[in-house]
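# Residue-level structure breakdown
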Amino acid sequence: MNNIPTRPQTVQCRCPLADGAELVLTATRRARAGRAEVKCSVPDDPRLAERMQQVVRLARLTEPSFDSRDQVVLSIDRRPPLAERGWELAAVLADRMVRGLLRPGAAGAANGWSDEWERGRVGGHTLASAASCSQGGTLLGGPAGLAHLGLLSGHGDPAAAVSAVRAWFPLHSGEAGSLGWVEVSVHPLARAAGQAGQDDALEEEQTIAAPGQDAARQLAVRQALCGARHFDGRATGRWRTAVRFSPHAMVGRSWELALVMADRLARGRDFVPRGRLIASGCSDAWHAGRVDPVDGVHPKCALLLREAAAGDRILLPRTWEGQLPDGFAEQLRAQGASVACVERIGLI
Amino acid sequence: MMLGFLKRAPSAPDACELGRSLVALALPVGAAPPASCQAVVVAQDGRTRRLQAARRIEARAGETAYAFHPGPYTADLVPFETAPEIGLRTSFAIDAPDPQASQQRFDLYLAAEVAGRLELGALAAAIEGALRHELATGGLELPPCTTLDEWNAFRQGLNQLLYMRFGLTVDDCLPVDLGDVRDYAQELAARAARQEQAALAAAPLEPSPMAVSNPERFDPAAEDARAMRRLFLELPCLMCGLRLAAMPAAPQQFQRQQALLQRLDLVSVAVNAMPALELAAPGQALAPEARLRRARHSRRACVSLDEAWALLARLRQAGEAGLPLLYDEAERIVANLEADCEGRRRTGEES
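Residues numbered from 1 in each chain as written. Chains lettered and ligands numbered in written order. Predicted model: local features only at pLDDT ≥ 70, side-chain atom pairs only at ≥ 80, totals over all residues.

Taken together, the contact between chain B and chain A spans 44 residues of the former and 46 residues of the latter. Those elements giving two or more residues to the side of chain B that touches chain A turn out to be α4 (120-137), α5 (148-166), α6 (184-201) and α11 (323-345) of chain B. Looking at which element gives the most residues to the side of chain B that touches chain A, the answer is α6 of chain B, with eight residues. Here the side of chain B that touches chain A is composed, by residue class, of 24 nonpolar, 12 polar and eight charged. (Contact = placed C-beta atoms within 7 Å. Helix = DSSP H or I, 4+ residues; strand = E, 2+ residues; numbered from the N terminus. Nonpolar A, V, L, I, M, F, W, Y, C, P; charged D, E, K, R; others polar.)

Printed below as a string of structure tokens:
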């Protein structure tokens, strides 16, 4: 929070609506000068402006620290249709982006509403079909998309009954690369008594599902998780697990480390990074906790330098340590992120 | 003789717990502190003095005498709310008094935040809260797959934090697997069951304007009194700490430090002249909602106090190069203090 190099003065966040129209929310930051910390304006509707201020104030309660020196002015380009609440998420995100709590490019468009902004939960969205907007990269609220504001940096909802955590991994294809994510959600498993220890490993594989993935990926996910949980020693037979991947096409196995770390975080068994966890690495021996090298040091490092934001934690295989570009760690530190080259997973 | 015996009797079972589940305890008048304990006398205005060990405590009217056991104590801290199966087994002690300090930090903690008795559980919870806040805001770093260097930096930061905030010295701190005592899966299952029951019991309520900035109810008078006492006692010590923590060599940083001190001085004056919670003007009562708003501001001012102590801990470790960043943070904290003191003084909402 304290070493963000540049904070934008103005940020826009679009909000597509079910009828195909679009609202534009603009957030502007200026000196507080004794005024309210949030000011909202909606054309011809002061009551809605009040509601917007309420939403933003509630959502701010989930932030760890506050800065009273700024006033954020939020405005919407026209009056939303009656009973339309999809703009709420866009307002919250614009407010965070303009104060530098989120990267300005984190959300160009969003639609979501919530009755529990003070807990950071997002209830759902108002678009008729999620597909109609997914091509534009619209962030949708609700269980199928963004269920909790913390998920923007991978964190689970501390009050939910399901623990869901995201971790990111670098994808590289030629010049342009991007970060893909993997989300692990674990549900407590009501264990039947008297299970034999013999088929524990098999049983464990049955409790892990990766819906929407092909059979080979399913198998790889199950084997990686089972191996890592075996290494953990305290994880088998307690959880039912669902794994989701971001809709990027990907080849290779370098997502495995991100998957394994997301699983450890979701089960509450590892230190939690302040920002996102970004990892690249695979292993042939997850049951021993070993991390093996993957390809593409240089394109991935360049990508990481572009994407890393304050608080992010980057994990790379130990063998990369000598191959990192000069000044890689220093530059990341200047951006507020930290990097570690690890030989095995575990606390220290 | 008999009378003195009767007087001392009620506190005896508690006094035995000193050094185990109890850290500090207010003693009745005339009692001697238990063996191996030390005594601090806290006056009503918050001034403290230490007494020589094993002497009868002579407290004047309005003073409270505390006996505390220097420890060591051990507590399992959970640094992350969402990672309950990982803990830090920390053993800490209340150090021998620092002869250079005019007031020991632990004595200030007793005077400002403790009412009557300090349980080990309460102290551990306060430490855990301070640790979690620092981890969430980035003052301390404890990322996954911590390297040895990062762990050492974390340990130093933790030592400084606990010393500045509570006057405790950390003897040892090790990550431990709490899987034996905490089961995250069962906790989540219990949470799910609770939520189901709650959903059955009541239909979701519409968020009312009152619930807006006040998700949980609290007693404004008690909270406000506690917060104002902390502000009144701790602000002068904070300023003293800021002066002592670093002597900036660069003229620009020196000016920033001086400006910060001046602003803190004004905040301190504002705290000393703060109107009563329940009065809008002399003889004119304030509406209950406005009292709640005022109490929320004083509570938030206490969060800033905690942040300021944590910042002092970081200042003591930082070299000259780290000063600009830390003074940025200090300016934020002081601005928040100013805003909350202003909010505590106001009778209505701001524009």
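All names here are of chain B. Here A67 is to be found in strand β4 (residues 64-68). The sequence separation of A67 and L238 amounts to 171 residues, and the corresponding C-alpha distance is 25 Å. Setting aside chain neighbours within four positions, we find A67 in contact with L18, A24, L25, L27, P33, P34, C37 and A39.

This paragraph deals with the pairing of strand β2 (residues 38-42) of chain B. The two faces of a sheet get side chains in turn, since along a regular strand they alternate between them. Residues and elements named next belong to chain B. Most of β2 is tucked away: five of the five residues are buried. Two strands pair when backbone bridges link them, and β2 and β4 are joined in this way by five bridges, in the antiparallel orientation. Residue pairing across strands places V40 opposite Y66, the latter belonging to β4. The sheet contact formed by β2 and strand β3 (residues 48-51) spans four bridges and is antiparallel. Bridge pairing links V42 to T48 in β3. Connecting β2 to the next strand, β3, in antiparallel fashion are five residues, including G46 with a positive phi near 95°. (Buried ≥ 20, exposed ≤ 12 C-beta atoms within 10 Å, placed from the backbone. Pairing = 2+ DSSP bridges.)

Once that is clear, we can look at the nonpolar core. Among the nonpolar cores identified, the biggest contains 130 residues, and A167, V182, A258, L259, M261 and A262 of chain A together with Y66 of chain B are the most heavily contacted of them. Here this core gets 10 residues from one element, more than from any other, and that element is helix α10 (residues 288-317) of chain B. Non-local contacts of A258 of chain A, meaning those with residues more than four positions away in its chain, are made with A167, W168, F169, V182 and A279 of chain A. Residues L23, I76, A91 and A94 of chain A belong to the second largest nonpolar core, which totals 40 residues. (Core = buried A, V, L, I, M, F, W, Y, C linked by C-beta atoms within 7 Å.)

Residues and elements named next belong to chain B. Strand order across the open sheet formed by three strands is β5-β6-β8, with antiparallel pairing between neighbours. Edge strands, defined here as strands with exactly one partner in the open sheet, are β5 (73-77) and β8 (168-177). Strand-to-strand twist of the sheet, defined as the mean angle between neighbouring strand axes without regard to direction, takes the value 20°. The pairing of β5 with strand β6 (residues 86-94) spans five bridges and is antiparallel. Bridging from a neighbouring strand, T74 pairs with S91 of β6. (Axes fitted to C-alpha atoms, helices over the stretch in contact; angles between N-to-C directions.)

Glancing now at unusual backbone geometry. Where the residue is not glycine, phi is negative for most of them; where a peptide bond is considered, it is trans in most cases. The backbone of D44 of chain A shows a phi angle near 60°, a positive value even though the residue is not glycine. Topologically, D44 of chain A is positioned in the loop between β3 (38-41) and α1 (46-60). Residue D44 of chain A is classed as exposed on the basis of its 7 C-beta neighbours within 10 Å. At C145 of chain B, a position not held by glycine, the phi torsion is positive, near 55°. Inspection of the secondary structure assignment puts C145 of chain B in the loop between α4 and α5. C-beta crowding within 10 Å serves as the criterion here: with 25 such atoms nearby, C145 of chain B is assigned to the buried category.

Moving on to the packing of α5 of chain B against α10 of chain B. Residues and elements named next belong to chain B. α10 packs onto α5 with a crossing angle of 130° between their chain directions and a minimal axis gap of 8 Å. As summarised for this structure, α5 and α10 are arranged oblique, according to the angle between their axes. Crossing angle aside, the handedness with which α5 passes α10 is right-handed. Contacts from Q156, Q160, L161, M164 and R165 of α5 reach α10 at W309, A310, L312, A313, R316 and Q317. (Parallel < 35°, antiparallel > 145°, perpendicular 65-115°, else oblique. Left-handed = near helix turned anticlockwise from the far one by under 90°.)

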